[in-house]
Amino acid sequence: MIRKVLITCTVLTGLVSCSQTKNRPDEPSLLSVVDSALAFSEKQSLLMAQKYDTLEDRLPRTCENGKDISSNSRWWCSGFFPGVLWYLYEHNKNPEILKYARLYTDRVEKEKYTTDNHDVGFMLYCSFGNGLRLTGDKRYEEVLLTGAKSLATRYNPDVGLIRSWDHNKEKWQYPVIIDNLMNLELLLWAANASGDPTFKTIVISHADKTIKNHFRPDYSSFHVVSYDTAIGKPHLKQTHQGYSDESAWSRGQAWGLYGYAYLYRETKDARYLEQAKNIANFLIYHPNMPEDYIPYWDFNTPEIPNTPRDASAACIIASALITLSDYVDKELSAEYMKVVEKQIRTLSSPEYTAKPGENGCFILKHSTGAYPLKSEIDVPLTYADYYYMETLTRLRKKLTK
Ligand code: GLY
């Protein structure tokens, strides 16, 4: 049913590019939706930046029942709020936003020495990576390279993957989670910046083994695959944040899609494009994907439709589809951009976008961190805001090209 509707939309738009898509007479253009969303996000994020300005070492994390929850740089999400500010700066070149982007980026610097988990890629590439891209600041380059070296220490050549976590050692010998694909982007950057090919070798090995061992025949993925280090093969395939070991945890599917989309953009290895297209297909046509393309927190929870959505998964999917749309044929590209348009119109509506100064000064509402762990359910999350900003920025470039 969903497939039929989508294909009809694609044919109706005449396979035109997203910028030419006709909107309904009562509907504002997509570009004006994007511009309003960016303008609001800048105001809201400035309020957030001012709130934590003098709270040394603190970074926003979420807001539950009206109570602000912050973290120090150790939390895996520490780089996302600085990243939000960098995207806003890229859009508007507001010097106050730049000042705060630098301030909050610096709060994450000590994570360049992190070797006890894989999240150093998220922490540094979203903050310092964007900072370097937009300012060329050489100091940021040093931080990123040191961080990439720290991350690379978690690669075991006998297994051929980076170890994600060190907890639950009694259960998992060598846990690798689908999210880990996201941390490889820092290593690809380091390969280019340093000229050291080892970084790329690690990336390719990790990406290839993930295709082999993390995915099911329908291109959904397991969350955690733990490897037996003696033989370098999986001994367990489980979940940690999803409904069940066999289910499709929504954000995990989103990380997989985003991962192979950028891996194709950066390597041009056709296998990664195929993988990303197949994951996109799984997501877009899944019978439990809502019509607005904002997924429930897991595609297989029997509580659907009476269970929370995960706006963060939607934002990650949207950004990945924009990347993919540049590398597929016109028809598929238009199909992907119709999904993105629906997502953005939904996310920027009052249903998902906060009111000024509310929602703990986060931009988006309704994300879900770890439902089975009863943690961060139907709340704002920094990574929803980060991938929303990335999507708006990339979409705006596409619409105004
Ligand atoms: N990387 C952790 C998560 O997606 O919740």
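What you see is a predicted model; the values in this text were computed from it and never measured.

Check the secondary structure of the protein and you find 13 helices and 7 strands. Computed over C-alpha atoms, the radius of gyration of the protein comes to 20 Å, within 12% of the 21 Å expected from 2.2 N^0.38 for 401 residues, which places it in the range of a compact globule. Dimensions of the protein, computed from C-alpha atoms along their principal axes, come out at roughly 65 × 50 × 45 Å. Relative to its full complement of 401 residues, the protein shows a buried share of 60%. Considering only residue pairs separated by 6 or more positions, the protein has 68% of its internal contacts joining residues 24 or more positions apart.

One pass over the full model with this rule turns up 26 aromatic pairs. Here the aromatic rings of Trp165 and Trp172 are separated by 5.7 Å at their centres, their planes lie at 35°, and the arrangement is tilted. Residue Trp172 is classed as buried on the basis of its relative accessible area, which comes to 0%. The ring of Tyr100 is capped by Lys99, whose NZ or CZ atom sits 4.4 Å from the centre of that ring. The ring of Tyr296 carries Arg309 above its face, with NZ or CZ at 4.8 Å from the centroid.

To continue, consider the packing of helix α11 (residues 311-325) against helix α13 (residues 382-400). Contact geometry for α11 and α13: axes closest at 8 Å, N-to-C directions at 30°. The orientation of α11 with respect to α13, classified from their angle, is roughly parallel. At the point where α11 passes α13, the crossing takes the left-handed sense. Across the interface between the two elements, Ala311, Ser312, Cys315, Ile316, Ala318, Ser319, Ile322, Thr323 and Ser325 from α11 touch Tyr383, Ala384, Tyr387, Tyr388, Glu390, Thr391, Arg394, Leu395 and Lys398 from α13.

All right, on to the pairing of strand β1 (residues 59-64) then. Where β1 meets strand β2 (residues 67-71), 5 bridges bridge the pair, whose relative direction is antiparallel. For Pro60, the partnering residue across the bridge sits in β2 and is Ser70. Between β1 and β2, which pair antiparallel and follow one another directly, the connecting turn spans 2 residues, one of which, Asn65, has a positive phi of 50°.

This part takes up the site of the ligand. Around the ligand, the structure places Trp76, Asp179, Gln241, Trp249, Arg251 and Trp255. The side chain of Asp179 places a nitrogen or oxygen atom 2.7 Å from a nitrogen atom of the ligand. Interatomic distance of 2.9 Å between a side-chain N/O atom of Trp255 and an oxygen atom of the ligand. Against a free-state accessible area of 200 Å², the protein chains account for coverage of 93% of the ligand. Class assignment for the residues of the shell around the ligand results in 3 nonpolar, 1 polar and 2 charged.

Turning next to the nonpolar core. By size, the foremost hydrophobic cluster in this structure holds 117 residues, and its most contacted members are Leu257, Tyr387 and Tyr388. Per-element accounting of this core gives the leading share, 11 residues, to α11. Setting aside its immediate chain neighbours within four residues, Tyr387 contacts Phe80, Phe122, Cys126, Met182, Trp255, Tyr258, Cys315, Ile316 and Ser319. In this structure, Leu161, Tyr174, Val176 and Tyr227 belong to the second largest nonpolar core, which totals 7 residues.

Bringing the sheet that holds strand β5 (residues 175-177) into the picture now. If you trace the 3 strands from one edge of the open sheet to the other, you get β5-β6-β7, paired in antiparallel fashion. Looking at which strands have only one partner, the edges of the open sheet turn out to be β5 and β7 (233-238). Strand-to-strand twist of the sheet, defined as the mean angle between neighbouring strand axes without regard to direction, takes the value 30°. As defined by bridge partners, β5 adjoins strand β6 (residues 224-228) across 3 bridges and the pair is classed as antiparallel. Following the sheet pairing, Val176 is matched in β6 by Val225. Here helix α8 (residues 198-214) sits on the sheet in contact with β5, β6 and β7, set at roughly 105° to β6.

Inspection of the secondary structure puts Ser221 in the loop between α8 and β6. Here Ser221 is in contact with Ile178, His214, Phe215, Arg216, Ser247, Gly252 and Gln253, once residues within four sequence places are set aside.

Per-residue confidence for the protein gives a mean pLDDT of 95, with 94% of residues at or over 70. The low-confidence segment residues 1-20, where pLDDT is below 50, has 31 contacts with residues more than four positions distant or belonging to other chains.

For the rest of this paragraph, the subject is the side chain of Thr239. For Thr239, the location among the structural elements is in the loop between β7 and α9 (250-267). At a separation of 2.9 Å, a polar atom in the side chain of Thr239 contacts the main-chain amide nitrogen of Gly242. With sequence-adjacent residues up to four places away left out, Thr239 is seen in contact with His223, Val224, Ser244 and Asp245.

Moving on to unusual backbone geometry. Pro305 follows Ile304 through a cis peptide bond whose omega is 10°. Examined against the element boundaries, Pro305 turns out to sit in the loop between α10 (270-284) and α11. Residues other than glycine seldom take positive phi values, yet Asn65 does so here, at roughly 50°. Mapping Asn65 onto the fold places it in the loop between β1 and β2. On the basis of relative accessible area, Asn65 is assigned to the exposed category, the value being 82%. One non-glycine residue with positive phi stands out, namely Tyr293, at about 60°. Within the element layout of this structure, Tyr293 appears in the loop between α10 and α11.

A word on the environment of Glu376. Within the secondary structure, Glu376 is located in the loop between α12 (330-347) and α13. Since its relative accessible area comes to 7%, Glu376 is described here as buried. Beyond its immediate sequence surroundings of up to four residues, Glu376 is in contact with Arg61, Thr62, Glu64, Trp75, Ser367, Thr368, Gly369, Ala370, Leu381 and Tyr383. One polar contact links Glu376 to Arg61, side chain to side chain, over a distance of 2.8 Å.

Criteria and cut-off values
Residues numbered from 1 in each chain as written. Predicted model: local features only at pLDDT ≥ 70, side-chain atom pairs only at ≥ 80, totals over all residues. Heavy atoms only, no water. Helix = DSSP H or I, 4+ residues; strand = E, 2+ residues; numbered from the N terminus. Rg over C-alpha atoms; globule rule 2.2 N^0.38 Å. Buried < 20%, exposed > 50% of the residue type's maximum accessible area, 1.4 Å probe, protein only. Contact = heavy atoms within 4.5 Å. Phe/Tyr/Trp six-rings, centres within 6.5 Å; stacked < 30°, edge-to-face > 60°. Lys NZ or Arg CZ within 6 Å of the ring centre and 35° of its normal. Axes fitted to C-alpha atoms, helices over the stretch in contact; angles between N-to-C directions. Parallel < 35°, antiparallel > 145°, perpendicular 65-115°, else oblique. Left-handed = near helix turned anticlockwise from the far one by under 90°. Pairing = 2+ DSSP bridges. Near = heavy atom within 4 Å. Polar contact = N/O pair within 3.5 Å; in protein donor to acceptor, adjacent residues only side chain to side chain. Areas by Shrake-Rupley, 256 points an atom, 1.4 Å probe, with all protein chains shown as cover. Nonpolar A, V, L, I, M, F, W, Y, C, P; charged D, E, K, R; others polar. Core = buried A, V, L, I, M, F, W, Y, C linked by side-chain atoms within 4.5 Å. pLDDT = per-residue confidence, 0-100.

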